[in-house]
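A structural walkthrough
If you want the building blocks of each chain, they are given just below.
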Amino acid sequence: MQAGTFEFTLIAETGHRFGDFTPYVASVNGAGVVAFQAALRTGGSGVFVGDGRSVSTVVHTVDGPLGGIFSHPDINERGEVCFYACLKAGGQRVFIVRDGTLAIIPRDGCEFQSIGPLGPTMNDHGTLAFRASLVGCAGVFSGSREAVVAIADNRGKFSAFHGLPVINGRGTVVFRADLSRGGQGIYAGSGGSLTAIAETGEQFSDLAMFPTLNDEDMVVFVGILSSGGAGIFAATARGVTTLVAADGMFESYRGALTNNSGLVAFCATPRGGRLGVFSGPDPVANRIICIGDSLFGSTVTDFALNPVSVNESAQMAIRVSLSDYRQVILRVDPLR
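Let us look at the structure shown here. Everything numeric in this text was worked out from a predicted model, so none of it was measured.

Counting 23 residues, the largest nonpolar core has Val 277, Ile 288, Ile 289, Met 316 and Val 320 as its most contacted members. Looking at this core, the elements that each hand over two or more residues are β2 (6–13), β28 (262–270), β30 (287–290), β32 (298–304), β33 (316–322) and β34 (327–334).

The next thing to look at is unusual backbone geometry. With an omega of 5°, the peptide bond running from Thr 22 to Pro 23 counts as cis. Relative to the elements of secondary structure, Pro 23 occurs in the loop between β3 (18–20) and β4 (27–28). Cis peptide bonds are those with omega within 30 degrees of zero, and the linkage from Ile 105 to Pro 106 qualifies with -10°. The topology assignment puts Pro 106 in the loop between β12 (101–105) and β13 (114–115). Positive phi, close to 65°, is recorded for Asp 217, a residue that is not glycine. Relative to the helices and strands, Asp 217 resides in the loop between β23 (212–213) and β24 (219–225). In this structure, Tyr 325 is a non-glycine residue whose phi angle is positive, near 75°. In this fold, Tyr 325 is placed in the loop between β33 and β34. Its relative accessible area of 75% is what places Tyr 325 among the exposed residues.

As for its placement among the helices and strands, Thr 121 is situated in strand β14 (residues 121–122). Here Thr 121 falls in the buried class, since its relative accessible area comes to 3%. When residues no more than four places from it in sequence are discounted, the contact partners of Thr 121 are Asp 74, Thr 127, Leu 128, Ala 129, Leu 164, Pro 165, Val 166, Ile 167 and Val 308.

Glancing now at the packing of aromatic side chains. Summed over the entire model, instances satisfying the criterion amount to 23 aromatic pairs. Measuring from centroid to centroid gives 5.3 Å for Phe 250 and Phe 266, while their planes differ by 85°, and the two rings are edge-to-face. Of this pair, Phe 250 sits in strand β27 (residues 250–259) while Phe 266 sits in strand β28, and the two are 16 residues apart along the sequence. Among the residues examined, Phe 266 registers a relative accessible area of 1% and is labelled buried. What links up through ring pairs into an aromatic cluster is the set Phe 18, Phe 21, Phe 36 and Phe 48.

Attention now moves to the pairing of β32. Sheet topology note: the strand β31 (residues 294–295)/β32 ladder contains two bridges and is antiparallel. By the bridge assignment, Leu 295 is partnered in β32 with Ser 298. Hairpin connection of β31 to β32: two residues between the antiparallel strands, including Phe 296 at a positive phi of 50°. Where β32 and β33 come together, four bridges link them in antiparallel fashion. The partner of Ala 304 across the bridge, within β33, is Arg 319.

Here we have four strands laid out as an open sheet, ordered β18-β19-β20-β21, and antiparallel in their pairing. Since the sheet does not close on itself, it has two edges, and those belong to β18 (158–167) and β21 (195–199), each with one partner. Adjacent strand axes in the sheet meet at a mean angle of 25°, parallel and antiparallel pairs treated alike. Across four bridges, the pairing between strand β20 (residues 184–189) and β21 is antiparallel. Residue Ile 186 lies in a different strand from β21, and its bridge partner there is Ala 198.

Thresholds applied
Residues numbered from 1 in each chain as written. Predicted model: local features only at pLDDT ≥ 70, side-chain atom pairs only at ≥ 80, totals over all residues. Heavy atoms only, no water. Core = buried A, V, L, I, M, F, W, Y, C linked by side-chain atoms within 4.5 Å. Buried < 20%, exposed > 50% of the residue type's maximum accessible area, 1.4 Å probe, protein only. Helix = DSSP H or I, 4+ residues; strand = E, 2+ residues; numbered from the N terminus. Contact = heavy atoms within 4.5 Å. Phe/Tyr/Trp six-rings, centres within 6.5 Å; stacked < 30°, edge-to-face > 60°. Pairing = 2+ DSSP bridges. Axes fitted to C-alpha atoms, helices over the stretch in contact; angles between N-to-C directions.

Any functional reading would require information that these geometric values do not contain.
What follows is the structure, encoded as structure tokens:
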């Protein structure tokens, strides 16, 4: 199915096999393989991958050690898949499936009281970023099976964390946090000192919860300006620049998706319009999908995506709810 300069590829839908895809988003790797979480009609849940031709099971809770999956999965170029899950024996863990083998991150998996929320992100080296709670504090972490590094916690400068941390190929992690002194900020680091990307104050009055970054350490985020209006901004070592103007054709923004080529798409509401996904500043020419659109013989009532939902080819994975109570997982393919 085509929409402007994009083609929709159906990856999976609720019905005979799957009962529910909510509340988690889908992810996509460079080969166009989409990973998603689903509740099964026959009971239990699992993580699945599809390419538009077939869907296969990565892991499920029907048998084995997992008692429940409570995050989106992220998939990298090597086909490794990570996610949060509960163990039937008790406790919450971060998992990775590599070459068909389920493993805990970190290997001992016993230091965290709780994991999440939302979900992990992973780079192509198999290094993850995730949120978790230790005894007496919560924080942002990165690591692999072998070791985990603390990026930030709420015992000092930060009082709370929001959204999900995003890790790039260099191992840099970006996250959004509330400050103990008041206000908000977006920060990046790989263990040790942190770099302040943007903070509320003179320029911004509010910062959205889902910043993202690429392998060049460019951070893309939604911000509300202290002078009024919201926009999409990019931060590099050279400073902060505007990607989509706050005084443009959109009245509000939810988040943006980026890859190594720059801004790919963003969620926003056009002035007088409905929430949708757009590939540029023109809400007509750059429209991909919006609430109220016709799709597969029904009408779009909701959709979800976040920083894990885009790859280097600008393909996107979107979970869509329809007015006839179906849910679908779509891959959005740019037409060349």
